[in-house]
Structures are given as C-alpha cells and as structure tokens.
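Spelled out from the first residue to the last, the chains are:
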Amino acid sequence: MSEWRTRELVPALAQFVVLALVIANFGFQIDSRNASAIAPGVLWLALVFAGLIAFGRAFAAEREQATLEAMLMTGAPASAIFAGKALAAGLLLVVCEAVGLLFGVDVSAGLVGAVLLATIGMAALGCLFAAMVAQLRARELLLPLLTLPLWIPFIVAGGQAVQSAMGGSGAFDQAVKLLLDFDILFVVLTSLAARFVLDD
Amino acid sequence: MSALVADRLSHWFGSEPALDSVDLAVDRGDHVAILGENGAGKTTLLRILATAMRPSSGKLEIMGLDALRERRRLRGRIGYLAHAPGLYPALTAAENLAFFCDLRGADRERVPEMLDLAGLSEVARKRASELSRGMQQRLAIARAVLHDPLLLILDEPDASLDAEGSELLVRVMKDRTTVLATHDQALATRLCQRTVVLRKGRVLGAGSRLRVVQ
C-alpha cells in the first residue's frame, strides 16, 4: 500500500529496465537473427540489477522508519513477516519483468512461467540478504556481494529456459524442473533463517 | 504478585557494558519510572523488558513466563512504545492502526475507539507523515494499547507530547502494569509510584517517588 501511495520504486525500476534493454539493444546490435541467443542474457542482467534495487529497499525502508520492530512486537511470526516482504518485493520485480518482456520480445506462456519461477527463489534469497544488511552502512555494496553468487543457479537455469522458450537451443523442461527445485530449496531455507535474521 | 522479574540483566555492545546486573521486580498494576541521563541504559533495559532484544546474560520472567523463551507469546500481552514512533508515513492514521490490528489479529473495530482515545479522530484520514510529531507520538501510544495489553513498556512516551497528550498517558496506564523511561522527573513522580534511577547501566537507586526525589 505504501508503494502504491508513494510510487517511489515502481516507475524508477521500470524505467531502469527499459533503459538497460535499450542500451543493450544498441550495444549488442540485437536483430531477429541473434535475438534468441542474446536477448535472454540481456533480460536477466536487467532483472538482476532491478531486483537488487527492489530487494535492497524492501527492508531498508522498514529499518529507517522503525516499522520492522513494530511489526515483530505484534507477535506475528518473523517468517510470515518475511514472506510478506518477499512477496511484495517479488511483485515489484514481476512488474519490471512485465515491462522487460513486453519490450520487443515474443511472449509465450513458457517464457512467462520460467521468469516467474526464477523470481520466487530470487525474491526469497534477495529479501533474506536485504534483511541481513539493512542495518549496515555499506548495505548497497554488501547486498550484491552476498546475493549475486546465490542467484547464479536461477540465472543459469532461467536463462536456459527463456532461451529455449524463445526458440533457441536447450531443454526447457529440464531447466524449469531445476528452477522449481531451487525454488523449493531456497524458500524453505530462507523461511527457516528468517526468524534469526529478523528477530535476533 | 509480580508481573515482571528481572534478575541480574546485563548487556554489552561489543566490550561496552550497556546494562550491568540490573535487578527489577514490578508488581501487577504497578507503575515504575526508569530515570537516568542519556546513555544510562534506559532504552536497552526497556527493549529487553519488551522482548525486542535478548540480554547478554541474566533472567527475565514476565507474567510467570520465561521472557527469553516465550517471546512471541508474551508480545501478545505487552504493549511497547519504542523510542521512534515506527509508523508508515504513507498510510493514514486509521490505516496504520488497522494494519497493526490485522497483524495482531485484533478486531478492526478497535481503530475508531483508539483514535478517539488518542484524540486523533479528526485526523484519522491524514497520512502519518502529515501529522505533527506530537500527534505521531499519540498515534504510536494508541497502537501500543490496540490489543489491550496487560503490561505497558513505554520509552520516553512524553517526547513531543503536550498537556493533552500527557493526559492520554494517564488514561492508557490506568489499570495496566507500566514501566516507562523518561528524563522528566516531574512526569515520573506524577505517573508512577516507584522510580528506578539508572547510571552507566547500573541501578543507582530505587524506591518510592518521594525518596528518589530527595
């Protein structure tokens, strides 16, 4: 609701994704022949950096306004608060993805599904690390350092799935199954870790 | 019967002691003021009593429960006003209370009642960021008693409050065990039967309001 009122993040993130795609378009000279090979990588790069901004803000704002402690003091489970934040930040990323996918890409159900699957795990991990670094002064630097290595599996499997959905080579089913496995693993792990990160 | 018993509570930030073997017992219905200068350890003590943080050592029992183990259960019975109001600036006063009602599983019908108690009915639809600091503090106090807690922990509740706001404190503290921290000795003696003076994390003195003032 706060984001809906203030519209602080969504327009900036959407603009960031569009600009990244436009610059990549000029930089890589993307055309119909090489689109399926280059576009997935460009899309993931734009989404990864948009995600870092979105998840970084998710907990930084709560810490700055001291609302995180107020929420925890209600007795609500830390894992539920974490899930709510991850869901909200994930939705922001979905908006960015929608902007990115509509930007000159042939959208298919497989493509959308693969991107959404990757978003789930990325949101869970991104939010966990965002919560960990929110109180630190160097959080902008630390968040990518902690998050990016663990996002690599999603980028590899997601990239493969998107490439395959866009008509390139690669096994779509296998990549999607891998994404699903990673989602389950990281959603469970981050939910368990949330209590220690948020409340201790 | 004791509502709260703290036994040798200590807390360190790095090698710096913030609290040093603090003992405190608060009976049900008691109002206790924690006095002390800046850096005396008042906020640290209150955060520990409110279960917002764990002490480095010591025991804490609240309403017969081990506060270090039963934090979530106790939070449903404690109303805590932190140093910062902790409101969502983009939400209205009523929406802020409604949101915390939902988190606590309380009935949203409490919202107008609490706004009325805090004297904020007229600004219910104003965003928290548009309220004065005193109004924000009143809203935060209303939120602290949203779930009708048995124990109130208030960290400098008089910050930015006018005379009307101070009356709000009297109303919310009525029939509730309360521990509050303040710099204002006059407020402490007016609202509380007992005062505890902290200095450099240690209890310097405790007793009835008359004795402490002396």
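Residues numbered from 1 in each chain as written. Chains lettered and ligands numbered in written order. Predicted model: local features only at pLDDT ≥ 70, side-chain atom pairs only at ≥ 80, totals over all residues.

1. With respect to the sheet that holds strand 9 (residues 194–199) of chain B
Residues and elements named next belong to chain B. Let me state the cut-off plainly: Only strands joined by at least two bridges in the DSSP assignment are considered to pair. In this description a helix means any DSSP run of H or I spanning at least four residues, a strand means any run of E spanning at least two, and both kinds are numbered starting from the N terminus. Angular values range over 0 to 180 degrees, each being the angle between N-to-C directions of two axes fitted as lines to C-alpha atoms, with helices fitted over their stretch in contact.
The sheet built from six strands is open, its strands ordered 6-7-8-3-9-10 with mixed pairing. At either margin of the open sheet sits one strand with a lone partner, and together these are strand 6 (78–81) and strand 10 (202–208). Averaged over all neighbouring strand pairs, the angle between strand axes comes to 15°, with direction disregarded. Of the strand pairs in this sheet, strand 3 (residues 31–35) and strand 9 are connected by four bridges, and their pairing is parallel. Considered in strand 9, the bridge of Val32 is made with Arg194.

2. Description of the packing of helix 6 (residues 109–133) of chain A against helix 8 (residues 172–199) of chain A
All names here are of chain A. Short version of the rule: Throughout, the term roughly parallel applies to angles under 35 degrees, roughly antiparallel to angles over 145, roughly perpendicular to angles from 65 to 115, and oblique to all others. Each crossing gets its handedness from the near helix: less than a right angle anticlockwise from the far helix is left-handed, clockwise is right-handed. Amino acids outside the nonpolar list (Ala, Val, Leu, Ile, Met, Phe, Trp, Tyr, Cys, Pro) and the charged list (Asp, Glu, Lys, Arg) are all regarded as polar, and Gly is one of them.
Between helix 6 and helix 8, the shortest axis-to-axis distance is 9 Å and the interhelical angle comes to 20°. Relative to helix 8, the element helix 6 is oriented roughly parallel. Helix-helix and strand crossings are classified by hand; for helix 6 and helix 8 the assignment is left-handed. Looking at side-chain class alone, the contact of helix 6 with helix 8 contains 21 nonpolar, four polar and one charged residues.

3. Regarding the pairing of strand 8 (residues 177–182) of chain B
Along a regular strand, successive side chains alternate from one face of the sheet to the other. Residues and elements named next belong to chain B. Rules: Buried residues are those with 20 or more other C-beta atoms within 10 Å of their own C-beta, exposed residues have 12 or fewer, and partly exposed residues lie in between; C-beta atoms are placed from the backbone.
Counting buried positions over the six residues of strand 8 gives six, a clear majority of the element. Both faces of strand 8 are covered, namely the face carrying Thr177, Val179 and Ala181 and the face carrying Thr178, Leu180 and Thr182. When strand 3 meets strand 8, the two strands line up parallel, connected through five bridges. Across the sheet, Ile34 pairs through a bridge with Ala181, a residue of strand 8. Pairing between strand 7 (residues 151–155) and strand 8: five bridges, direction parallel. Across the sheet, residue Ile153 finds its bridge partner in strand 8, namely Val179.

4. A short note on the nonpolar core
Stated formally: Nonpolar core, as used here: buried Ala, Val, Leu, Ile, Met, Phe, Trp, Tyr and Cys residues forming one set through C-beta atoms within 7 Å. Marked domain ranges trace back to an automatic or database domain assignment.
Formed by 132 residues in total, the largest nonpolar core has its most connected members in Ala114(A) and Cys127(A). Split by domain, the residues of this core number at least three in each of domain 1 (2–77 + 150–213) and domain 2 (89–148) of chain B.

5. Structural notes on helix 6 (residues 163–173) of chain B
Every α-helix winds through 3.6 residues per turn, so residues three or four apart in the chain are directed the same way. All names here are of chain B. Worth spelling out the cut-off: The arc in question is formed by the directions pointing from the helix axis toward the C-beta atoms. By the convention adopted here, residues are in contact when the distance between their C-beta atoms, placed from the backbone, does not exceed 7 Å.
Buried within helix 6 are the following residues: Leu168, Leu169 and Val172. One side of helix 6 carries all its buried residues, which in axial view fall inside an arc of 105°. Away from the buried face of helix 6 by more than 90 degrees, exposed residues Ala163, Glu164, Glu167, Val170 and Arg171 are located. Packed against the buried residues of helix 6 are helix 5 (133–144), strand 7 and helix 7 (185–191). Of the residues one or two after helix 6, Asp175 is the one with positive phi, at around 65°.

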